[in-house]
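If you want the building blocks of each chain, they are given just below.
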Amino acid sequence: MSLANKYRPKDFSDVVGQDFIVRVLMRALDKKEIPHSLLFAGPRGVGKTTVARIFAKGLNCEVGPTSKPCGKCKFCLEFEKGTGVDVVEIDAASNRGIENIREIQNQLKYLPLSRYKVYIVDEAHMLTNEAFNSLLKVLEEPPSYVVFILATTEPQKIPPTVMSRLQKFSFKPHSVSSIVNRLKYVCSKEGIYATEEALRMIAQRAEGSLRDALVLLEQLSLFSDKNITEKEVSQMLGMIPYEKYEEILEYIVKGDFKTTMDKVNALLEEFSPQEFASGFIGFLEDRLLKKDQNLSFEEKTMLLRMALDMEYHTRDTFSPRSWITYDIARMCSFKKVVNIDEITRRFGVIDKKTNEIVDKTDPMDILRVRKPSLAAYLENCKYSVENGIMKIVSPDGITKLRIEESRDVLKEVFGVDDIEIEVARSQEKKFKDIFEEIKRDWERI
Ligand SMILES: Nc1ncnc2c1ncn2[C@@H]1O[C@H](COP(=O)(O)OP(=O)(O)O)[C@@H](O)[C@H]1O
Ligand SMILES: [Mg+2]
Ligand SMILES: [Zn+2]
């Protein structure tokens, strides 16, 4: 038996992920409020058939309907063998026509041996229009002892009239980490040795499908004699090991375009540009989740975005390698992009077409972020910028002093060559007057 079949869960408690769906179905069973027509939508290998079967088992177990079937009664045992008479699985991909649905209609008049007759229609979107119409009639008035579960990877192809009769459950692709955990579990049971990185690479390649991951694990286990490292995965799946990407990332962070390209070109001797680009995404996604001394979260996000661009660019093009060069060059200056992004996020509006800042940013806004106290002093002054010179009229001496201390910052932010500061005459006078007044007061006391 294949690993995928051997490790097909037999109970809800063993199902990986899909928590919400599992909870709703368990509750329906325990409250004995049984939905009669369900749609299980979601990508391949995420547990649609598995959950449908477990639901059927819960419906028909002698102590049921229950979310915890006994596992000992006649019906539970039938289920374990996969031969439940009342559970009918139909592959709509090869039974698409109206005659197949008619056959079901004919069977419906016979009562089940257990409690429910359960029809699991796989790839339901493949049914013909006539078949759907005929199915619709059944779904409109199903006998109380019949449950229909339609499973599909393409729910948008189910006619709306049929859809409206179904209670919809959306199965999610498995995350890399939940696939890795399951693989670890299977490895421990099977006595397979595999490194964490190797399992991550398998999980990346499986793209959310636990079945695909288990099939790959099985092949690799045979291929490597139960001893799976990154090297085997990389050889068999044409995947680039993380350590190579790690090295490339190091040079990207340094901004060393030349060395980065040397390393990349060496990889492109062996792997296709598409393999390189998609593998890099997986690697970066992985890094995104980990604490990192060298890179901030924003920087990693920016790199990931650029890597996604690269992957997109390498598809359907005659010059994938040129795109790689272009995108690697962009990545080598990613830190600048992060900074520009940060500033425009706060102050500017980017023209989506030209990628330029169209909304001219007020330097005062930048100053408020970079040196809030200096901005506060400057706000008390009158100032103007002309011919590369900034003229500031300060209300008092202290303000003038503070501004003079930070000439260089102002020059940079306002983009001027020189700064002239003077204290406002009237203000100066006022200040002196007040000082004189206080002095006189003191003398009087
Ligand atoms: N949610 C899950 N929990 C545990 N195993 C799963 C899950 N989804 C998929 N699998 C594994 O993948 C195999 C195929 O799953 P299946 O339910 O047939 O997927 P689907 O019907 O969605 O294509 C199962 O036998 C099992 O080994
Ligand atoms: Mg299936
Ligand atoms: Zn039972």
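Calculation criteria
Residues numbered from 1 in each chain as written. Chains lettered and ligands numbered in written order. Predicted model: local features only at pLDDT ≥ 70, side-chain atom pairs only at ≥ 80, totals over all residues. Helix = DSSP H or I, 4+ residues; strand = E, 2+ residues; numbered from the N terminus. Rg over C-alpha atoms; globule rule 2.2 N^0.38 Å. Buried ≥ 20, exposed ≤ 12 C-beta atoms within 10 Å, placed from the backbone. Contact = placed C-beta atoms within 7 Å. Near = placed C-beta within 6 Å. Nonpolar A, V, L, I, M, F, W, Y, C, P; charged D, E, K, R; others polar. Domains from an automatic or database assignment. Pairing = 2+ DSSP bridges. Axes fitted to C-alpha atoms, helices over the stretch in contact; angles between N-to-C directions.

Considering the overall build of the chain
The number of helices and strands found in the chain is 22 helices and 10 strands. Relative to a compact globule of 445 residues, whose C-alpha radius of gyration would be 22 Å, the chain shows 34 Å and is clearly more extended. On the principal axes, the C-alpha backbone points of the chain span a range of 110 × 60 × 45 Å. Across the 445 residues that make up the chain, the buried fraction comes to 32%. Looking at the chain alone, contacts between residues at least 24 apart form 70% of all its contacts between residues at least 6 apart.

Some points on unusual backbone geometry
Geometrically, the link from Gly64 to Pro65 is a cis peptide bond, its omega value of -5 degrees lying close to zero. At Gln18, a position not held by glycine, the phi torsion is positive, near 50 degrees. Structurally, Gln18 can be placed in the loop between helix H1 (3-6) and helix H2 (19-30). Its 22 C-beta neighbours within 10 Å are what place Gln18 among the buried residues.

Structural notes on the site of ligand 1
Surveying the vicinity of ligand 1 reveals 20 residues, the closest of which are Arg8, Gly47, Lys48, Thr49 and Thr50. Going through the elements one at a time, H1, helix H3 (48-60) and helix H10 (210-223) are the ones with two or more residues in the shell around ligand 1. By residue class, the composition of the shell around ligand 1 is 9 nonpolar, 7 polar and 4 charged. Among the domains, domain 1 (3-170) and domain 2 (176-237) are the pair contributing at least three residues each to the shell around ligand 1.

Let's talk about the sheet that holds strand S9 (residues 389-394)
A sheet is described by the order of its strands in space; here 3 strands give the open sequence S8-S9-S10, paired in mixed fashion. The open sheet is flanked by strand S8 (382-386) and strand S10 (418-423), the only strands paired with a single partner. Across the sheet, the mean angle separating the axes of adjacent strands is 15 degrees when strand polarity is ignored. Here S9 pairs with S10 via 6 bridges, running parallel. Directly across from Ile389, in S10, lies its bridge partner Asp418.

Notes on the domain arrangement of the chain
Taken domain by domain, the chain holds domain 1 (3-170), domain 2 (176-237), domain 3 (242-341) and domain 4 (364-429). For domain 2 versus domain 4, the separation of C-alpha centres amounts to 63 Å.

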